[in-house]
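# Structural characterization, general
Residue strings, one per chain:
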Amino acid sequence: MTKTQVKWGVIAFALLVFAGIKFFAISYFLNKNDAPTVMHHCGDLSQPCTLSPQLRVQFAEPPRHGQPFLVMLDSTGSLPPVGEFSMADMEMGMARFTFTATTPPHWEAKIMLPVCVTGRQDWLMVLIVDGKRLQIPFTAH
């Protein structure tokens, strides 16, 4: 083997090791569930839904596939809330949105749901607020 071949072999090995470490780190952080998920049923999310004395959620307009809609959250938490959107038993990719503060204690996030090719409309919203995971089912049109 020449020095050039050895050098490229070492570079290739280092890249494979780096890719493996990156894969496991991403998998760990995406699948990390510190707190159990608590299910809540809110009915009509166009009206404020109280999840706890310190937490309310509401949709500004009805959610529609492929169109942005606003989710408003009232929370006394100090960290920005996060919303994760998925379907039960259906892989829809990563739909994770961080809320931004408007006026304390109000938070907002502009959400865009992907279009489901099967035509399903049932969604699960998981709100992560101060380490708590709250799951709320809803229907998009």
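Here goes a summary of the coordinates provided. Computed from a predicted model, the values in this text were never measured in an experiment.

The topology assignment puts Gln135 in strand β10 (residues 132-139). As a C-alpha pair, Gln135 and Lys110 span 25 residues in sequence and 18 Å in three-dimensional space. Those residues within four positions of Gln135 in sequence are excluded, and the remaining contacts are Thr37, Val38, Met39, His40, Leu124, Met125 and Val126.

Soluble globular proteins tend to pack their nonpolar side chains together in the buried interior. Leu45, Leu51, Val57, Phe85, Met125 and Leu127 are the most contacted members of the largest nonpolar core, which has 29 residues in total. The biggest single contributor to this core is strand β9 (residues 122-129), with 4 residues. If we ignore the near neighbours within four places in the chain, the residues touching Leu127 are Leu51, Val57, Leu73, Val82, Gly83, Phe99, Lys132, Arg133, Leu134 and Ile136.

For the rest of this paragraph, the subject is a nonpolar patch on the surface. Judged by side-chain polarity, Met1, Val6 and Val10 come together as a nonpolar surface patch covering roughly 350 Å² of accessible area. Looking at where Met1 falls in the secondary structure, it is placed in the segment before α1 (3-30). For Met1, a relative accessible area of 85% corresponds to the exposed category.

Bringing the state of the cysteines into the picture now. Put plainly, a disulfide is one covalent bond tying together the sulfur atoms of two cysteines. Enumeration over the complete set of coordinates arrives at 1 disulfide. A sulfur-sulfur distance of 2.0 Å marks the disulfide that ties Cys42 to Cys49. A torsion of -70 degrees about the S-S bond marks the disulfide between Cys42 and Cys49 as left-handed. Across the pair, Cys49 and Cys42 agree in class, each one buried.

Moving on: the side chain of Asp74. Here Asp74 lies in strand β4 (residues 69-75). Residue Asp74 is classed as buried on the basis of its relative accessible area of 16%. In this structure the side chain of Asp74 is engaged in a polar contact, spanning 2.7 Å, whose partner is the side chain of Arg56. A polar atom in the side chain of Asp74 sits 2.4 Å from the side chain of His106.

The next thing to look at is the pattern of salt bridges. Tallying each qualifying case throughout the model produces 4 salt bridges. For Arg133, the salt bridge is made with Glu84, and the minimal N-O distance between the two is 3.6 Å. Here Arg133, found in strand β10, pairs with Glu84, found in strand β5 (residues 82-86); they are 49 residues apart in sequence, far enough to count as distant. Comparing Arg133 with Glu84 shows no difference in burial state: the two are buried. A salt bridge links Arg120 to Asp122; the nearest nitrogen and oxygen atoms lie 2.8 Å apart. Accessibility expressed as a relative area gives 24% for Arg120, which makes it partly exposed. A single salt-bridge network, built from bridges that share partners, covers Glu84, Arg96 and Arg133.

Thresholds applied
Residues numbered from 1 in each chain as written. Predicted model: local features only at pLDDT ≥ 70, side-chain atom pairs only at ≥ 80, totals over all residues. Heavy atoms only, no water. Helix = DSSP H or I, 4+ residues; strand = E, 2+ residues; numbered from the N terminus. Contact = heavy atoms within 4.5 Å. Core = buried A, V, L, I, M, F, W, Y, C linked by side-chain atoms within 4.5 Å. Buried < 20%, exposed > 50% of the residue type's maximum accessible area, 1.4 Å probe, protein only. Patch = residues over 30% accessible without salt bridge, like charges linked within 9 Å, V, L, I, M, F, W, Y side chains within 5 Å. Areas by Shrake-Rupley, 256 points an atom, 1.4 Å probe, with all protein chains shown as cover. Salt bridge = Lys/Arg side-chain N within 4 Å of Asp/Glu carboxyl O. Disulfide = S-S within 2.5 Å. Polar contact = N/O pair within 3.5 Å; in protein donor to acceptor, adjacent residues only side chain to side chain.

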